[in-house]
Amino acid sequence: MASENPFKGIFTGLPKPGGGEFGKFYSLPALNDPRVEKLPYSIRILLESAIRNCDNFQVTKEDVEKIIDWENSAPKQVEIPFKPARVLLQDFTGVPAVVDLASMRDAMKNLGSDPYKINPLVPVDLVIDHSVQVDFARSENAVQANMDLEFKRNKERFAFLKWGSTAFHNMLVVPPGSGIVHQVNLEYLGRVVFNTDGILYPDSVVGTDSHTTMIDGLGVAGWGVGGIEAEATMLGQPMSMVLPGVVGFKLSGKLNDGVTATDLVLTVTQMLRKHGVVGKFVEFYGGGMSQLSLADRATIANMSPEYGATMGFFPVDHVTLQYLKLTGRSDETVAMIEAYLRANKMFVDYNEPQQERVYSSYLDLDLANVVPCLSGPKRPHDRVPLKDMKDDWHSCLDNKVGFKGFAVPKEEQEKVVKFTFHGQPSELKHGSVVIAAITSCTNTSNPSVMLGAGLVAKKACELGLEVKPWVKTSLAPGSGVVTKYLLQSGLQNYLNQQGFNIVGYGCTTCIGNSGDLDESVASAIVENDIVAAAVLSGNRNFEGRVHPLTRANYLASPPLVVAYALAGTVDIDFEKEPIGTGKDGKGVYFKDIWPTSAEIAEAVQSSVLPEMFKSTYEAITKGNPFWNQLSVHSSSLYSWDPNSTYIHKPPYFSGMTMDPPGARRVKDAYCLLLFGDSITTDHISPAGSIHKDSPAAKYLMERGVDRKDFNSYGSRRGNDEVMARGTFANIRIVNKLLNGEVGPKTIHIPTGEKLYVYDAAMRYKSPGEDTIVLAGAEYGSGSSRDWAAKGPMLQGVKAVIAKSFERIHRSNLVGMGIIPLCFKAGEDADTLGLTGHERYTIDLPAKVSDIRPGQDVNVTTDNGKSFTCTLRFDTEVELTYFDHGGILQYVIRNLTNQ
């Protein structure tokens, strides 16, 4: 059982300069251990947490020693517990989290235990940053029109979250319409240092969105976890994690004129993907740090999931303190933060000699070597230098279908499709831009690129260029602060003239909420098989994510988004070809509209003011009329509405008893799906629109929901019936059982019928047949989407055998009781001659106590094949979860026994 903290001897006061104390803290220097001085700053945060929470039960002295001895213990893949300071939820992940908590209360009651033991024990910040569907664009009234529609569509979900904020303690809810969760976290919620009841400790956070890592730019250790794991963390369970290696990334020099933070992050992403950083922290340091604003750092930290790292961490320095003051944190708070971090050796002062730190491996980049670039057309790490874009595009048209190929016949590549757009003669070609969106948490928090986009629009207006009316343009700031400084600078007017009107505050195009294309544009694309393009300032461009009709999707800086919108095509060499014709009849080139770094810096200096942050976030705490008028019932147990298509009680705890079910052997399982590499969570559990012919659509229509009111899968994550039907429902998914056909169907092996995946899964599940999924490398990459594990579990999937897993998705599978297995190096379904038509038996020991993390497991098929896999239960704690049938079942039994 828990005992007194063995490190109470290093618990000491932090004096204020003028007398008195800021509070008390656990002092790392007081350990008098020379190994601590060499630790990366990111590891020191893990160390402080372990010391502060050490009770020799959940966190032991041995755990603390492992972290202090990081240099020697990290290569051994040792397991440590971690208790973050808080949990961050956003709208789409917040709803299923609160659904699960409400269901867990019911389960506790059914087991005869106190349901009110289900309450967050750490602070939970829930930002309702509902993703804005871009139904209305290119209009002065777009924000209000989209918001009205969003509130109408999502009233039930919002009311449910408002109920949650009153029913559960320790939960702060930021009302809808405030901004994107990660920008709100950066500008407002991030504490950097907590002071709780007089105890000081570093802010750290796990969030249910993979881009939680954006807060790493503020010196707050944060990363994405599965929603299931976050729920357990809220309820006081320590996270079990492998002590990570840390890649030291040294930055030197400065960016050249005209190069943006987006160009830098796409370069860093490509470098780190090549280096291999999955499961590792990346820590940035070096002389180049002084050249990077806090917003630039946050841009790089944000894309940690795209380069594969758990974190991209920037330790706190003077730049951080300046940003805290800019964003309205009080002078006293900033003084406390600086004093604490200096006292605990967590502050970097580049004016002082730097203590040499040890890293697992090293990378370096001279910022002067970064050039303007994009990434695409189908993956964030496929970087294309701007000067090579036209050649790369033509290669993509030629190449066979793949991440860099569309296989368009030579004779078809130059075809021009004429159509009429609202009475105006119009045309499309391969590469025509039909969506141009300034969107996403990655870039909309960065004033330099946002004001840079405004300057491009201004120069274009002055020269007489304008975006073609059939290009769907939009601007979705991450918070109201952006609107304030765009208005202050006078640049929003020029963005409006080019069609980049503000459409709302939240995730839009980047998460697939692009809204419909005009019918004439959509028809021209579909009827002529045009490879249309989207250019967006986002972080994800996986196939089928941005819009079903844009097969080519490029990530670019906001100013580049405007430039490509003006050009109307990605098939252009900006160095040699004019973007358009100016009002003087002469060609206007890229260099004519591209702002200098000095112009951008001047705009930032004169337009981004501290008062903007203060006024924006003061308004947030007051809510908005719609939110404030929502009435919710006062019961602490939720009254489930059986007719609701948004909120539904899930079946995870039905029939649950106090006895853990133990190990489940998988015998004679059918293969539900056979995949290649890079199957993302968007493929497994799409967040975007619900296709009219899908099982989910059928379910909704049977319950009287009109097609126009389907909303998105993301908005219906509180309903397991919809989400189970939406699992493997991405229209671009490639299942090898279909022999080249693309779409959300599979072969029901016993009958040979081609069915929607959900229908086939139910056909197997009904008579009690097990199913598995076979996959390639990077299975489950992309967003940290718990429904990508919950959905397969509800479909009856017992195991996934893949070449490799994305970190968060593997954890989610474990949390839902699905067995993750990896083929041995050099092997996969193809090399083993597996067709997916076999039946599979996984030879696991009958007792969980006989299973070891990472052990070899034999898999046999009914046609005589046999192969060995690595069991990807990585820790003893994960095996405990498996024994209980899942992490939440474990938590319920644990709390019931207390």
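Residues numbered from 1 in each chain as written. Predicted model: local features only at pLDDT ≥ 70, side-chain atom pairs only at ≥ 80, totals over all residues. Heavy atoms only, no water.

Looking at an unreviewed UniProt entry, the protein carries the name Aconitate hydratase, with the source organism given as Abeliophyllum distichum. Word for word, the UniProt comment on the protein under Catalytic activity (unreviewed entry) is "citrate = D-threo-isocitrate". (UniProt positions renumbered as here; feature names shortened; annotations may be inferred.)

Any chance you could explain the overall build of the protein here in plain terms?
Along the protein, the regular secondary structure elements total 32 helices and 34 strands. Taking 2.2 N^0.38 as the reference for a compact globule, 898 residues should give roughly 29 Å; the C-alpha atoms of the protein span a radius of gyration of 27 Å, in line with that estimate. Per-residue burial for the protein yields a buried fraction of 63% across its 898 residues. Accessible surface, the protein: about 31700 Å² in total, of which carbon and sulfur atoms supply 49%. Side chains of the protein give 89 positive and 102 negative charges; the mean places of these two sets differ by 1 Å. (Helix = DSSP H or I, 4+ residues; strand = E, 2+ residues; numbered from the N terminus. Rg over C-alpha atoms; globule rule 2.2 N^0.38 Å. Buried < 20%, exposed > 50% of the residue type's maximum accessible area, 1.4 Å probe, protein only. Areas by Shrake-Rupley, 256 points an atom, 1.4 Å probe, with all protein chains shown as cover. Lys, Arg positive; Asp, Glu negative; His and termini not counted. Charge placed at Lys NZ, Arg CZ, Asp CG, Glu CD.)

In this structure, what is going on with unusual backbone geometry? I would like to understand it.
In the segment running from Gly376 into Pro377, the intervening peptide bond is cis, with an omega of 10 degrees. Along the polypeptide, Pro377 turns up in the loop between β16 (373-375) and β17 (383-385). With a phi angle near 65 degrees, Asn170 is a residue other than glycine that sits in the positive phi range. Position of Asn170 among the secondary structure elements: in the loop between α6 (142-167) and β6 (171-174).

How do you make sense of the pattern of salt bridges when you look at a structure like this?
Close approach of charged atoms allows side chains of opposite charge to pair. All chains considered together, the criterion is met by 50 salt bridges. Glu283 serves as the salt-bridge partner of Arg357, at 3.7 Å between the closest nitrogen and oxygen. Of this pair, Arg357 sits in the loop between α13 (331-343) and β15 (361-366) while Glu283 is found in strand β13 (residues 281-285), placing the two residues 74 residues apart along the sequence. Considered together, Arg357 and Glu283 belong to a single accessibility category, that of buried residues. With a closest N to O distance of 2.9 Å, Asp682 and Arg785 form a salt bridge. One end of the pair, Asp682, is in helix α25 (residues 681-684); the other, Arg785, is in the loop between β29 (771-774) and α29 (787-795), with 103 residues separating them in the sequence. (Salt bridge = Lys/Arg side-chain N within 4 Å of Asp/Glu carboxyl O.)

Would you explain the sheet that holds strand β34 (residues 866-871) in this entry?
Two orientations exist for strands paired in a sheet by backbone hydrogen bonds: parallel and antiparallel. Taking strand neighbours around the barrel as the criterion, the 7 strands line up as β26-β29-β30-β31-β34-β33-β32 in a closed arrangement whose pairing is mixed. Averaged over all pairs of adjacent strands, the angle between strand axes in this sheet comes to 40 degrees, irrespective of strand direction. The pairing of strand β32 (residues 839-843) with strand β33 (residues 856-861) spans 4 bridges and is classified as antiparallel. Note on β33: the bridge partner recorded for Asp843 is Asn858. (Pairing = 2+ DSSP bridges. Axes fitted to C-alpha atoms, helices over the stretch in contact; angles between N-to-C directions.)

Looking at this structure, I do not really get the environment of Val814. What am I missing?
Its location among the elements puts Val814 in helix α30 (residues 807-815). Among the residues examined, Val814 registers a relative accessible area of 1% and is labelled buried. For the pair Val814 and Asp874, spaced 60 residues apart in sequence, the C-alpha separation works out to 9.6 Å. Beyond its immediate sequence surroundings of up to four residues, Val814 is in contact with Pro820, Arg872, Phe873 and Glu878. (Contact = heavy atoms within 4.5 Å.)

Where do I start with the packing of helix α16 (residues 447-463) against helix α17 (residues 480-489) in this structure?
For any two helices packed against each other, one specifies the crossing angle of their axes together with the interaxial distance. Relative orientation of the contacting elements α16 and α17 amounts to 45 degrees, with a least axis distance of 11 Å. What the angle tells us is that α16 and α17 run oblique. Helix-helix and strand crossings are classified by hand; for α16 and α17 the assignment is right-handed. Mapping the contact onto sequence places Pro447, Met450 and Leu451 in α16 and Val482, Tyr485, Leu486 and Ser489 in α17. For the contact of α16 with α17, the residue count by class is 6 nonpolar, 1 polar and no charged. (Parallel < 35°, antiparallel > 145°, perpendicular 65-115°, else oblique. Left-handed = near helix turned anticlockwise from the far one by under 90°. Nonpolar A, V, L, I, M, F, W, Y, C, P; charged D, E, K, R; others polar.)

What exactly am I supposed to notice about the sheet that holds strand β10 (residues 221-224) here?
On the basis of which strands lie adjacent, the open sheet formed by 5 strands has the order β6-β5-β4-β9-β10 and parallel pairing. Two strands in the sheet have a free side with no partner beyond their single neighbour: β6 and β10. Between one strand axis and the next, the sheet turns by 20 degrees as a mean value, whatever way the strands run.

What am I meant to see in the packing of aromatic side chains here?
Any two aromatic rings considered together are summarised by their centre-to-centre distance and by the angle between their planes. Inspection of every chain in the model, using the stated rule, returns 30 aromatic pairs. Between the aromatic rings of Phe160 and Trp163, the centroid separation amounts to 5.8 Å while the plane-to-plane angle is 20 degrees, which identifies the pairing as stacked. You can see Phe160 and its partner Trp163 sitting in helix α6, 3 residues apart, about one turn around the helix. Just as Phe160 is buried, Trp163 falls in that class too. Three or more aromatic residues link up through ring pairs in this structure, and these residues are Phe160, Trp163, Phe168, Tyr638 and Trp640. Geometry around Tyr41 places Arg44 over its ring, the cationic atom sitting 4.5 Å from the centre. The positively charged end of Arg379 is found above the aromatic ring belonging to Phe403, 3.8 Å away from the centroid. (Phe/Tyr/Trp six-rings, centres within 6.5 Å; stacked < 30°, edge-to-face > 60°. Lys NZ or Arg CZ within 6 Å of the ring centre and 35° of its normal.)

Teacher, can you tell me more about helix α14 (residues 389-398) here?
An α-helix turns once per 3.6 residues; consequently, residues spaced three or four apart project the same way. Met389, Asp392, Trp393, Cys396 and Leu397 are the residues of α14 that are buried. What you see down the axis of α14 is that its buried residues fit within an arc of 145 degrees, all on one side. At its buried positions, α14 is contacted by β16, β17, β23 (552-555) and α20 (558-567). (Arc of directions from axis to C-beta.)

Can you walk me through the environment of Val848 in this structure?
The topology assignment puts Val848 in the loop between β32 and β33. For Val848, a relative accessible area of 13% translates into the label buried. Separated by 28 residues in sequence, Val848 and Glu876 place their C-alpha atoms 9.9 Å apart. Apart from the residues lying within four places of it in its own chain, the contact partners of Val848 are Gly662, Ala663, Leu879, Phe882 and Asp883.

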